[in-house]
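Reading the structure
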Amino acid sequence: MCGIVGYVGTRDATEVVINGLQRLEYRGYDSAGIAIYDPTIGLQLRRSVGKLHNLRQRLVAEPTRGHIGIGHTRWATHGGVTEINAHPHRDASGGIVVIQNGIVENYLSLKGRLIELGYQFESQTDTEVIAKLAGHYYHQYRDLVTAVRQTLQELRGGNAIVAFCIHEPDTLVAARLGNAGGVVIGLGDNEQFIASDIPAILDYTRNLIFLEDRDVAVVRRHEVTITHLDGTPVERTIHAIPWDPVAAAKGDYRHFMQKEIDEQPRALMDVLRGRIDQEHGRITLTDIRLSDADLRRVRRIYAVACGTAWHAGLVAKFLIEQLARVRVEVDYASEFRYRNPVLQSDDERDALLLAITQSGETVDTLAAMEEARNQGVPSVAIVNAIGSQAARLADGGPIYLHAGPEIGVASTKAFTSMLVAAYLFALRLAQARGTLTPAQIREHIQALIELPGKAAQTIEQTTPLCITLAERYHKANNALFLGRQINYPIALEGALKLKEISYIHAEGYPAGEMKHGPIALIDEQMPVICITPRDHIYEKMVSNIEQVRARHGQVIAIGHLGDELLAEKAHHLIGVPATLPLLQPVLNVIPLQIFAYHVAVLRGCDADQPRNLAKSVTVE
């Protein structure tokens, strides 16, 4: 959510920090700030409200200079969107600066205690409590690491923190508590980097360390040492990240979202690489640590996710139940963690949790994984971010999407990659359980191999019509998306895409439920998007279309190329290539993404950074 960048070395720290923050703009924010230190100048603090270019302008007028510094992009939780609430925050002496991603759940009691001790507060943020408390302990111990460690022991909640002190001008201290968001340490030559996400520092290093819960890192120019919160030394793996920094640039595209829609054929190909054996009709998921015997024991799966990933979980339910014949329940992770779920009985160790998350840092999904672990239930994570917390918590192993950085807040390539990853997992389960023969799996593999090409065809052939439809309907106030069975989640996803980036009210509904409420809303002003592939319920969807038309709704149908009957029934037909029914959602969702994107552009909305939204929700 909030962006964090830190640097110590020989470069201009201002440039490194600002460039890093710019690469984290996709995370969503409402203010930004930077703190740089130079022994001859002192501490230089600059903050501003709004987008990062406002901070850049401030730095032009009031330049900063130094070789150590931290920066932050904030999405307001405690306290309004003001310059005084923007990070970094300082202690009472002004010598310690702190940035934070997360929420201090007990900040009111801590603040009350500090006020009783005579401390005064400038902002309404919980982060200033961290700064003041760190300063309080620094006054006692005269050691920044000790002061930070003492402070962390008093915090409740999930927090990612970076601090430095002018009295120790070669040291940054970074820490992670709980699941507030990632903390990445980038290792350089005579320089070190800190960030909340990988893209911020890929221009400078590919060798990264990911902090775990209750890790404290002391970062100096020549070394990085990591301990547990209690001071016990700990070793963390150095990950070599293959992402090319150029991949995070828009290139010739107007928005990252548009670029990421077009990247889907490549992303779908990457999620398949090394995982399909067409010759032998086998699926290989090398990161999964569950044996065939383990998978055969599974009788129930709990799929947990948030937002777009939850829609992927709904699709996964159809895939797993039909291919592997295992019962699947799908939960919003934010609901799952609070309903005290009964996952399995003592004598039936047959449950599995499937977590789906692009970032691997979504706090509710991580909490669901922790709950599963507490009940002795293994988890598998479908996740994009390499080395993320979800990937590490997944004791059954991760299934990486390998989709590369997704910068746009509205997920596109990660969503379709999730569907394919879920398909692979369903096939892997079916393989272990014997519900599909190698010959049958080979047919599915063939369809998967053809999918990237069909996705490219879908993008090329549907984009012109989607632009035309966007021009016609971008002034609509409401929209209805209808689908059945495995395409009902795609109706939900299409509605979510339209509402989150264009701010048009949109609802997704199972088409069979149309008569139980939504039909009352239909009139000649409402576009109704009907997902109607030629499957076993095709006639039912056609009947729903006729009901919409009888009430003068404007029907936009997503169906197979060349479907003359559907073209006759609908006002507009967006034709997509046919594939296996269980794979069809991957292609059906693409024109919905394209349509939503162009509607947003025509309405003057920022498709990459919708208001009030963030890419990764790392606090409640």
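What follows deals with the sheet that holds strand S24 (residues 527-531). Across the sheet, 5 strands lie side by side as S23-S22-S24-S25-S26; this open sheet has parallel pairing. Sheet topology places strand S23 (505-510) and strand S26 (572-576) at the edges, where each strand pairs with a single neighbour. For this sheet, the mean angle separating the axes of adjacent strands, direction not counted, is 20°. As judged from the 5 bridges shared by S24 and strand S25 (residues 554-560), these two strands associate in the parallel manner. Pairing of Pro 527 across the sheet is with Gln 554, part of S25. Strand contacts of helix H15 (residues 488-502): strand S22 (478-483), S23 and S24, with the helix running at about 175° to S23, the strand carrying the most contacts. Strands in contact with helix H16 (residues 538-550) are S22, S24 and S25; relative to S24, the strand with the most contacts, it is inclined by about 170°.

By the element assignment, Ser 411 lies in the loop between strand S21 (398-400) and helix H13 (413-433). Among the polar contacts made by the side chain of Ser 411, one reaches the side chain of Glu 406 at a distance of 3.0 Å. A polar side-chain atom of Ser 411 sits 3.3 Å from the main-chain amide nitrogen of Phe 415.

This part is about the sheet that holds strand S17 (residues 300-305). Spatially, S18-S17-S19-S20-S21 is the arrangement adopted by the 5 strands of the open sheet, whose pairing is parallel. Of all strands in the sheet, those bounded by a partner on one side alone are strand S18 (327-332) and S21. Along the sheet, successive strands turn relative to each other by an average axial angle of 20°, direction set aside. Across 5 bridges, the pairing between S17 and strand S19 (residues 351-357) is parallel. Within the sheet, the bridge partner assigned to Val 304 lies in S19 and is Ala 355. Of the strands in this sheet, S17, S19 and strand S20 (379-383) are in contact with helix H11 (residues 363-374), which crosses S19 at around 165°.

Burial analysis of S24 places 5 of its 5 residues in the buried class, the great majority of the element. Across 3 bridges, S22 lies against S24 in parallel orientation. What sits directly across from Phe 481, in S24, is Ile 529. Note on the crossover from S24 through H16 to S25: the handedness is right-handed.

Within the secondary structure, Gln 547 sits in helix H16. Residue Gln 547 is classed as buried on the basis of its relative accessible area of 16%. Residues in contact with Gln 547, not counting those within four places in the same chain, are Met 514 and Lys 515.

Our focus in this paragraph is the nonpolar core. Grouped together as the largest cluster of nonpolar side chains are 97 residues, with contacts concentrated most on Ile 301, Ile 320, Leu 354, Ile 382, Phe 425, Phe 481 and Leu 498. Setting aside residues no more than four positions away along its own chain, Phe 425 makes contact with Leu 285, Ile 301, Ile 320, Leu 352, Leu 354, Val 380 and Ile 399. If you look at the next biggest cluster of nonpolar residues, it comprises 47 residues, including Leu 59, Leu 208, Ala 351 and Leu 366.

Right, let's get into the pattern of salt bridges. Per the stated rule, a full pass over the model turns up 27 salt bridges. Between Arg 300 and Asp 350 there is a salt bridge, with its nearest N and O atoms 3.3 Å apart. Taken as a pair, Arg 300 in strand S17 and Asp 350 in the loop between helix H10 (333-336) and S19 lie far apart in primary sequence, 50 residues in all. A single burial state applies to Arg 300 and to Asp 350, both of which are buried. A cluster of three or more residues bridged by salt bridges with shared partners is formed by Lys 259, Glu 263, Arg 266, Asp 270 and Lys 413.

Looking now at the state of the cysteines. Within this structure, the stated rule accounts for 0 disulfides. Left unpaired, Cys 605 is separated from the closest cysteine sulfur, that of Cys 466, by 17 Å. Classification of Cys 605 by relative accessible area gives buried; the value is 13%.

Before going further, it helps to spend a moment on the packing of helix H14 (residues 438-473) against helix H18 (residues 584-602). For the pair H14 and H18, the least separation of the axes is 8 Å and the interaxial angle reads 35°. Of the two possible hands of crossing, H14 and H18 adopt the one that is right-handed.

Before going further, it helps to spend a moment on helix H1 (residues 13-23). In an α-helix, one turn spans 3.6 residues, which is why side chains three or four residues apart end up on the same side. What H1 keeps buried is the set Ala 13, Thr 14, Val 16, Val 17, Ile 18, Gly 20 and Leu 21. The secondary structure elements touched by the buried residues of H1 are strand S1 (3-8), strand S2 (31-38), helix H2 (52-61), strand S4 (68-74) and strand S10 (192-195). The opening residue of H1, the one whose side-chain oxygen lies 3.1 Å from the backbone nitrogen of Thr 14, is Asp 12.

Here the focus is the environment of Leu 21. As for its position among the elements, Leu 21 is in helix H1. Exposure remark for Leu 21: the relative accessible area of 0% places this residue in the buried category. In this structure the C-alpha to C-alpha distance between Leu 21 and Ala 403, which are 382 residues apart in sequence, comes to 22 Å. Apart from the residues within four sequence positions on either side, Leu 21 is in contact with Gly 3, Val 5, Gly 33, Leu 52, Gly 71, His 72 and Thr 73.

Glycine aside, residues mostly have negative phi angles, and peptide bonds mostly take the trans form. Here the residue pair His 87 and Pro 88 is connected by a cis peptide bond, since its omega of 0° sits within 30 degrees of zero. By the element assignment, Pro 88 lies in the loop between S4 and strand S5 (89-90). Backbone geometry places Asn 190, a non-glycine residue, at a positive phi of 65°. Looking at where Asn 190 falls in the secondary structure, it is placed in the loop between strand S9 (184-187) and S10. We classify Asn 190 as partly exposed; its relative accessible area is 27%.

About the thresholds
Residues numbered from 1 in each chain as written. Predicted model: local features only at pLDDT ≥ 70, side-chain atom pairs only at ≥ 80, totals over all residues. Heavy atoms only, no water. Pairing = 2+ DSSP bridges. Helix = DSSP H or I, 4+ residues; strand = E, 2+ residues; numbered from the N terminus. Axes fitted to C-alpha atoms, helices over the stretch in contact; angles between N-to-C directions. Contact = heavy atoms within 4.5 Å. Polar contact = N/O pair within 3.5 Å; in protein donor to acceptor, adjacent residues only side chain to side chain. Buried < 20%, exposed > 50% of the residue type's maximum accessible area, 1.4 Å probe, protein only. Right-handed = clockwise from strand over helix to strand, strands pointing away. Core = buried A, V, L, I, M, F, W, Y, C linked by side-chain atoms within 4.5 Å. Salt bridge = Lys/Arg side-chain N within 4 Å of Asp/Glu carboxyl O. Disulfide = S-S within 2.5 Å. Left-handed = near helix turned anticlockwise from the far one by under 90°.

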